[in-house]
Amino acid sequence: MASDKALTGSMRDFRVMEDTDLLQRCERFYDWQDERRRHGVWPFSRATETGPASSCGVRDDTGNLMEGVNFASQDYLGLCAHPAVRASAHAAIDEIGVHSAGSPALVGNTASSIVLERALADFLKMDEVVLYPTGWAAGFGVIKGLVRSHDYIVMDALAHACLQTGAQAATRNVVLFRHLDNEHCRERLRTIRARDPKAGIMIVTESLFSMDSDTPDIAGLQALANEFGATLMVDVAHDLGCLGADGTGHIGMQDMLGKVDLVMGSFSKTFASNGGFVASRKRAVKEYLRFYSPSCTFSNALSPVQVAIIGQALSIVRSNEGAALRNRLLGNVLSLRRQIEERGMGVYGDPSAIVSVKTGDEKLARMTAKILPTLGLVSNLVEFPAVGKGLARFRLQVMATHSAAEVELAARHMEAGMQAARAALAHGQGQRFAIAS
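Asker: Would you take a moment to explain the pairing of strand β10 (residues 276-280) for this structure?
Answerer: Where a strand is regular, its side chains alternate between the two sheet faces. In terms of burial, β10 is a largely internal element, 5 of the 5 residues being buried. Every second residue of β10 is oriented toward a common face, with Gly276, Val278 and Ser280 on one face and Phe277 and Ala279 on the other, all of them buried. Here strand β4 (residues 128-132) pairs with β10 via 5 bridges, running antiparallel. Counterpart to Val130 in the pairing with β10 is Val278. The pairing of strand β9 (residues 262-266) with β10 spans 5 bridges and is antiparallel. Within β10, the residue paired with Gly265 across the bridge is Phe277.

What follows is the structure in structure tokens.
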């Protein structure tokens, strides 16, 4: 049985420590982490043997190998292994090379980068796009690049870490509103405007929240931005390309293409590459970000290989093949959600490539995470502080390339793992429990 120390506490406990030695502070965290590692309840920092296939081998950070169905990777349409995507990467190496060797503000872009910017702008019905080296850099950079210390940020309380970190770096005037609560957002805006009629305000939200698989009223938020003289920024990382009839995600599904002030996204979920972007309706915004957004100005541009991969993935997303892949993905999502619920477990939010299975208690979640690899399920445990205390969950990330049999195995293993974990905790014993799989 895992020790009480391994089953309790969280990474938040080690965020702020008082030791004068900055490096010594790391030891306390490592002791707790290693206690979890020794008891088999540290399910992080794993590495695939062959990339994010629907079934693959995975090693934990002690080198132990497990093989099974993979519901832990962010390759929603399965384009990572698509032959046309791979061919585009090889062609870019042959024609241009492997490295951008410069910032986008200097000579880091290539002709293919400019083509990709125009294609993305057309896809989103926006006028301009600026590329970033990662999605995290785009989320951080768009906020830090535009917001100054005297401005305000009004942000959904569950916004991604890159957005929150960018906000904290930009201004002390960061105000959170209740998740998906537009009326609470209105109250925050009204209070700010009554105090400071001339301040700049950025409203920040996501089109699909990755822990809860839910979406805001984007049109309503843009209307609030217009009413209060604010700027709306929407992060589309998890739904662009993989949701909606045309792949434009919730912005398209809400008829908001070309109507949102700023759209920011990541290529790492659907477009088979690292990288990110910010889309705007003005050339002036693009040029300002290129020179005042630090994660763009002072970082190398996307490599020619990444640009080629993203461009080819975008072409597939916009094709009949892309529509067919989205249909397969949605079918897998609906099947997995149904089978999870039929087995007496709950899921969060609305159908998307993210199927978050409710666990709640952190001890139960950690014991389940210990058992799942023995069954052959690769999944991601999410616990506090990424989610609230007592709201631990397993975030199953579905791909279009998962077979019906793999979807069924994921649901069956999830049920068996949770049942075995409950039994282990009830008995308080360290023996292996027989698991019917």
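Asker: I keep staring at the nonpolar core and nothing clicks. Help me out?
Answerer: Within soluble globular proteins, side chains that are nonpolar tend to cluster in buried spots. Counting 98 residues, the largest nonpolar core has Phe71, Leu189, Val263, Phe277, Leu329, Leu336 and Met414 as its most contacted members. With 9 residues, helix α15 (residues 404-427) is the largest single contributor of residues to this core. If we ignore the near neighbours within four places in the chain, the residues touching Phe71 are Leu336, Leu377, Val378, Ser379, Arg395, Leu396, Gln397, Val398, His402, Glu406, Val407 and Ala410. One finds Ala137, Val142, Leu163 and Ala167 within the second-largest nonpolar core, a separate group that totals 22 residues.

Asker: Is there a simple way to explain helix α12 (residues 304-317) in this structure?
Answerer: Three- or four-residue spacings in an α-helix give side chains the same orientation, since the helix completes a turn every 3.6 residues. The end-to-end C-alpha distance of α12, which contains 14 residues, comes to 20 Å, matching closely the 20 Å that a straight helix rising 1.5 Å per residue would cover. For α12, the buried fraction is high: 11 of the 14 residues fall into the buried class. Of the residues making up α12, those classed as buried are Pro304, Val305, Gln306, Val307, Ala308, Ile309, Ile310, Ala313, Leu314, Ile316 and Val317. Elements in contact with the buried residues of α12: α3 (83-95), α4 (111-124) and α13 (320-342).

Asker: Help me understand the sheet that holds strand β3 (residues 65-70), please; the structure alone is not making it clear to me.
Answerer: Remark on secondary structure: sheet strands pair via backbone hydrogen bonds, oriented parallel or antiparallel. Taking strand neighbours across the sheet as the criterion, the 4 strands line up as β1-β2-β3-β12 in an open arrangement whose pairing is mixed. Two strands in the sheet have a free side with no partner beyond their single neighbour: β1 (47-48) and β12 (377-378). With 2 bridges joining them, β3 and β12 adopt parallel strand pairing. Across the sheet, residue Val69 finds its bridge partner in β12, namely Leu377.

Definitions and cut-offs
- Residues numbered from 1 in each chain as written.
- Predicted model: local features only at pLDDT ≥ 70, side-chain atom pairs only at ≥ 80, totals over all residues.
- Heavy atoms only, no water.
- Buried < 20%, exposed > 50% of the residue type's maximum accessible area, 1.4 Å probe, protein only.
- Helix = DSSP H or I, 4+ residues; strand = E, 2+ residues; numbered from the N terminus.
- Pairing = 2+ DSSP bridges.
- Core = buried A, V, L, I, M, F, W, Y, C linked by side-chain atoms within 4.5 Å.
- Contact = heavy atoms within 4.5 Å.
- Expected span 1.5 Å × (residues − 1).

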